[in-house]
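Secondary and tertiary structure notes
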Amino acid sequence: MPSKIVSRYSVTFVALMVFAIISAQIDTQISLSQQWHLLINFADRLTLATSFDAIMFTESQLPRIVMAVMVGAMLGLVGSLMQQLTQNPLVSPMTLGTASGAWLALVLLNVFFPGFVGQYASVAATVGAMLTLGLVILIAGVRNLSGLPVVLAGMAVNILLGAIATAIILLNDQYAKNLFIWGAGDLAQNGWQQVQWLLPKLSVSVLILLLAPRVLALLRMGQAGAAARGLNIIPAILALFTLGIWLVATSITAVGVISFIGLLAPNIARQLGARTPRDELFFSMLLGATVLVIIDALAIAMSMLTFDLVPSGTAAALIGAPALIWFTRRKMGAQDQLSFSLPKSRYQMSPGTLITMLASLFAVIVLVLVFTKSTVNDATVWLWAIPDAFAWQIQWPRIITGIAAGSGLAVAGVLLQRLIYNPLASPDILGISAGATCALVAGSIFVGLNIFDAAPAIAFLGSMTVLGLLLLLGKRHRYAPSMLILTGIALTALIEAMVQFALARGDETSYTILSWLAGSTYRVSPSAAVILIVSVLGLIAFALVTSRWLTLISTGREFAKARGLNVPRAFMLLLCCVALLCGVVTATMGPVAFVGLLAPHMAVILGAKKVQLQLPAAAIIGAGLMVLSDWIGQNVVYPSQVAAGTVVSVVGGLYFILLLIQGRRAVN
């Protein structure tokens, strides 16, 4: 082995040891000499550890460090394996959606088969991760594993499966309380049982280290060259992916979701000079262990400073999300220039069509009011009935909220898509709604803000912050669809860390925050609904009045400037309109995904190609979509309820997946 490689390994190993020692000192009162004495007499630790601090050191701190080393090494190894198999530096267990698949599988197991959790949790997580990986590859296509389509497909599946998992947790909260810490990723240990459970399951990593280097070296020659040298490509890749997903699934079964380690470690390894497949695999393992030990030490230190539990997964996201943004700012390859366009339409919309659409929206509202499920003689039946005064008092704020939220986010989507020339732009995909979410959740955690009575100004500030970051980071690549979406993924993951921190606290606000995150109209008061509809109508009116600005900017900034438009001012005012729409909707109802993508596209399909028609058409479609989703959520599992935002996330997630498949076919 070359001396440079030996030196690199030695330095990293020393760094691992140093940070492990530092981590052991953060929350202990025993001296280094006492620690060393306990270590060298480890077999007699239970006899020698006579004080509380000594017991905590041997039964909590030591197994936690060992678990960080084990899990970090496995995530680094699997991240390197996946990136080398796909030749894609942005692939990891997180971006491929496998963590979400494992999460959903464990939620299902905990809720519906709790008796099997202890014995079959790792098997369920592995099956969920494998099925998710298969779905992502099916969406992106085998040929696109080395480009950004597979990452975008992973994001879509993440949102879709996350919405389903959230709905199940909210409907069965009494069975899912233990999932909060798991979802945040926590390395805390109470004894050596988890280490002993996990260690033998990680032994398959030896197979990867023995078999993978030759396969990966052949794959670097191209599939044709590898096949010519006797490699059976599909079985080899499938076997390695299966082994890797087993390692990930068992690791996160033990400690929860730890994001970004599998993305960071291989990229750092290549930056530090790892060239051969074997070198990258081994170095990524060592770096993964080192990075997670450092992150866990930071999590422990932050927990001591804030007097709140800061899960290791949250700390990993706080560090990993900016790293993902850094990696996405590299120059994109040819495969990354994805082909996306607005749907084609043979129709031509007229103003009369808008009247028909309004009439249809009114018919939908009447339908959801008079056709509902009810309980009669202990039986659930469908009823046609005009709502009485009590039912009307409950229903009208929900309908008004649905109309306002759907129309507001739809108009925000139209504005974004035309302002940055990106047919995939929407407040949720780009992380703008998540910015409002972050501001409100942070206010709830650190200031004691009631999240259901939050000020829209706070949500607006969060949305504008994310919007500004997107514009700043996306300018280099001229707001390319793929680059903006990847930046949005990173920002959303960063914000999700804040949310998971709130949920992991385990106090009475956890379910309140989770139910708000689902995007429900249930808790919206009549006064809040009125304020929301007035605010949204005012902002939509502004968008309609300034539709000429949007038309000119859509044609091209230079063209708009030649026609006398003050482009920077118009651009900023319209973006402020987007942020305000996202802020008031999110502050009132909670985050709602995909309406800002789905409604503008449906308006174009119906023939609304001009701005003056697309804005009102999208608003009507968005309103109808939200009202229908709320009605479905109220009746599909009656007497329980599913939040309207969850229903829209499932419908919109499926649409986004179809859009990705269509974009793949356009490229091929």
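1. Focus: the overall build of the chain
The helix and strand tally for the chain stands at 28 helices and 2 strands. Counting only contacts in the chain whose residues sit at least 6 apart along the sequence, the fraction spanning at least 24 positions is 79%. Summing over all exposed atoms, the chain offers an accessible surface of approximately 28,000 Å²; the carbon and sulfur share of this is 67%.

2. Quick notes on the nonpolar core
If you look at the biggest cluster of nonpolar residues, it comprises 182 residues, and the most contacted ones within it are Leu415, Leu419 and Phe656. For this core, the leading source of residues is helix H4 (residues 52-86), giving 16 residues. The residues contacting Leu415, other than those within four sequence positions of it, are Ala543, Leu550, Leu574, Cys577, Val578 and Leu615. Membership of the second largest hydrophobic core comes to 8 residues, among which are Leu440, Val441, Ile513 and Trp516.

3. Some details on the environment of Leu75
Inspection of the secondary structure assignment puts Leu75 in helix H4. Sequence separation between Leu75 and Val248 is 173 residues; the distance between their C-alpha atoms is 6.5 Å. When sequence neighbours within four positions are dropped, the list of residues in contact with Leu75 reads Val248, Ile258, Ile261 and Gly262.

4. Details of the pairing of strand S1 (residues 371-376)
With 6 bridges joining them, S1 and strand S2 (residues 379-384) adopt antiparallel strand pairing. Counted as the bridge partner of Ser374 is Val381 from S2. Hairpin connection between S1 and S2: a loop of 2 residues separates the two successive antiparallel strands, and Asn377 in this loop has a positive phi of roughly 55°.

5. Considerations on the pattern of salt bridges
The tally for this structure, following the rule as stated, stands at 4 salt bridges. As a salt-bridge pair, Asp296 and Arg64 come within 2.7 Å of each other at their nearest N and O atoms. Residue Asp296 is located in helix H14 (residues 277-306), and its partner Arg64 is located in helix H4; the two are separated by 232 residues in the primary sequence. When sorted by exposure, Asp296 lands in the same class as Arg64, which is buried. Of the charged contacts in the structure, one is a salt bridge between Asp630 and Arg398, with a shortest N-O distance of 3.1 Å. Taken together, the positions of Asp630 in helix H27 (residues 611-635) and Arg398 in helix H17 (residues 389-419) put the pair 232 residues apart, joining distant regions of the chain.

6. Observations regarding the environment of Gly313
Turning to its location among the elements, Gly313 is positioned in helix H15 (residues 312-328). Taking the C-alpha atoms as reference points, Gly313 and Ala299, separated by 14 residues in sequence, lie 8.8 Å from one another.

7. Some details on helix H10 (residues 205-219)
For H10, which comprises 15 residues, the first-to-last C-alpha distance of 20 Å matches the rise-based estimate of 21 Å (1.5 Å per residue) to within 8%. Within H10, the axis deviates most sharply at Ala212, by approximately 45°, and proline Pro213 lies no more than four positions further along. Residues of H10 that are buried include every one of Ser205, Ile208, Leu209, Ala212, Pro213, Val215, Leu216, Leu218 and Leu219, and no others. As for H10, its buried residues are in contact with H4, helix H11 (223-228), helix H12 (233-255) and H14.

8. What about unusual backbone geometry?
Not every positive phi belongs to a glycine, and Gln87 is a case in point at roughly 55°. Note that Gln87 resides in the loop between H4 and helix H5 (98-112).

9. Topic: the packing of aromatic side chains
All chains considered together, the criterion is met by 8 aromatic pairs. On the numbers, 4.6 Å between centres and 25° between planes, the contact of Phe371 with Trp384 is stacked. Remark: Trp384 occurs in strand S2 and Phe371 occurs in strand S1; sequence separation between them is 13 residues. Of the residues examined, Trp384 reaches a relative accessible area of 63% and is grouped as exposed.

10. Regarding the confidence of the model for the chain
Of the residues in the chain, 84% have a pLDDT of 70 or more, and the chain-wide mean is 81. Scored below 50 in pLDDT, residues 331-340 makes 28 contacts in the model with residues more than four places away or belonging to other chains.

11. Details of the packing of helix H2 (residues 32-40) against H4
In the contact formed by H2 and H4, the axes pass within 11 Å of each other and the chain directions differ by 65°. Here the hand of the crossing between H2 and H4 comes out right-handed. Residues Gln35, Leu38 and Leu39 of H2 form the contact with H4, whose participating residues are Ala54, Phe57, Thr58 and Leu62. Among the residues forming the contact of H2 with H4, the class breakdown is 5 nonpolar, 2 polar and no charged.

12. Concerning H5
Across its 15 residues, H5 extends 21 Å between first and last C-alpha, which sits within 8% of the 21 Å expected from 1.5 Å per residue. Where burial is concerned, most of H5 is hidden: 13 out of the 15 residues are buried.

13. Topic: the state of the cysteines
A complete count under the given rule lists 0 disulfides for this structure. Considering cysteine sulfurs only, Cys577 is the nearest to Cys582, which forms no disulfide, with 9.5 Å between them. Overall, the relative accessible area of 0% leaves Cys582 in the buried class.

14. Some remarks on the environment of Gly320
Summarising the element assignment, Gly320 is placed in helix H15. Through-space distance from the C-alpha of Gly320 to that of Leu264 is 7.0 Å; in sequence the pair is 56 residues apart. Setting aside residues no more than four positions away along its own chain, Gly320 makes contact with Phe260 and Leu264.

15. Regarding a nonpolar patch on the surface
Together, Leu108, Phe112, Phe113, Phe116, Tyr120, Val123, Val127 and Leu131 make up an exposed nonpolar region whose accessible area comes to about 760 Å². Taken together, the elements giving at least two residues each to the nonpolar patch come down to H5 and helix H6 (117-140). Here the nonpolar patch gets 4 residues from one element, more than from any other, and that element is H6. Within the fold, Leu108 resides in helix H5.

16. Digging into the side chain of Thr253
With respect to the element layout, Thr253 can be found in helix H12. In this structure Thr253 comes out as buried when scored by relative accessible area, which is 13%. Polar contacts involving the side chain of Thr253 include one to the main-chain carbonyl oxygen of Ala249, which spans 2.6 Å.

17. Things to note about the packing of H17 against helix H25 (residues 567-589)
One can describe the packing of H17 onto H25 by two numbers: an axis separation of 9 Å at closest approach and a directional angle of 150°. Judged on the interaxial angle alone, H25 and H17 are roughly antiparallel. The two elements H17 and H25 cross, and the hand of that crossing is left-handed. Across the interface between the two elements, Thr401, Ala404, Ala405, Gly408, Leu409, Val411, Ala412, Leu415, Leu416 and Leu419 of H17 pack against Phe571, Leu574, Leu575, Cys577, Val578, Leu581, Cys582, Val585 and Met589 of H25. Here the residues of the contact of H17 with H25 sort into 17 nonpolar, 2 polar and no charged.

Reading guide: rules and limits
- Residues numbered from 1 in each chain as written.
- Predicted model: local features only at pLDDT ≥ 70, side-chain atom pairs only at ≥ 80, totals over all residues.
- Heavy atoms only, no water.
- Helix = DSSP H or I, 4+ residues; strand = E, 2+ residues; numbered from the N terminus.
- Contact = heavy atoms within 4.5 Å.
- Areas by Shrake-Rupley, 256 points an atom, 1.4 Å probe, with all protein chains shown as cover.
- Core = buried A, V, L, I, M, F, W, Y, C linked by side-chain atoms within 4.5 Å.
- Buried < 20%, exposed > 50% of the residue type's maximum accessible area, 1.4 Å probe, protein only.
- Pairing = 2+ DSSP bridges.
- Salt bridge = Lys/Arg side-chain N within 4 Å of Asp/Glu carboxyl O.
- Expected span 1.5 Å × (residues − 1).
- Bend = angle between axes of the 7 residues up to and from the residue.
- Phe/Tyr/Trp six-rings, centres within 6.5 Å; stacked < 30°, edge-to-face > 60°.
- pLDDT = per-residue confidence, 0-100.
- Axes fitted to C-alpha atoms, helices over the stretch in contact; angles between N-to-C directions.
- Left-handed = near helix turned anticlockwise from the far one by under 90°.
- Nonpolar A, V, L, I, M, F, W, Y, C, P; charged D, E, K, R; others polar.
- Disulfide = S-S within 2.5 Å.
- Patch = residues over 30% accessible without salt bridge, like charges linked within 9 Å, V, L, I, M, F, W, Y side chains within 5 Å.
- Polar contact = N/O pair within 3.5 Å; in protein donor to acceptor, adjacent residues only side chain to side chain.
- Parallel < 35°, antiparallel > 145°, perpendicular 65-115°, else oblique.

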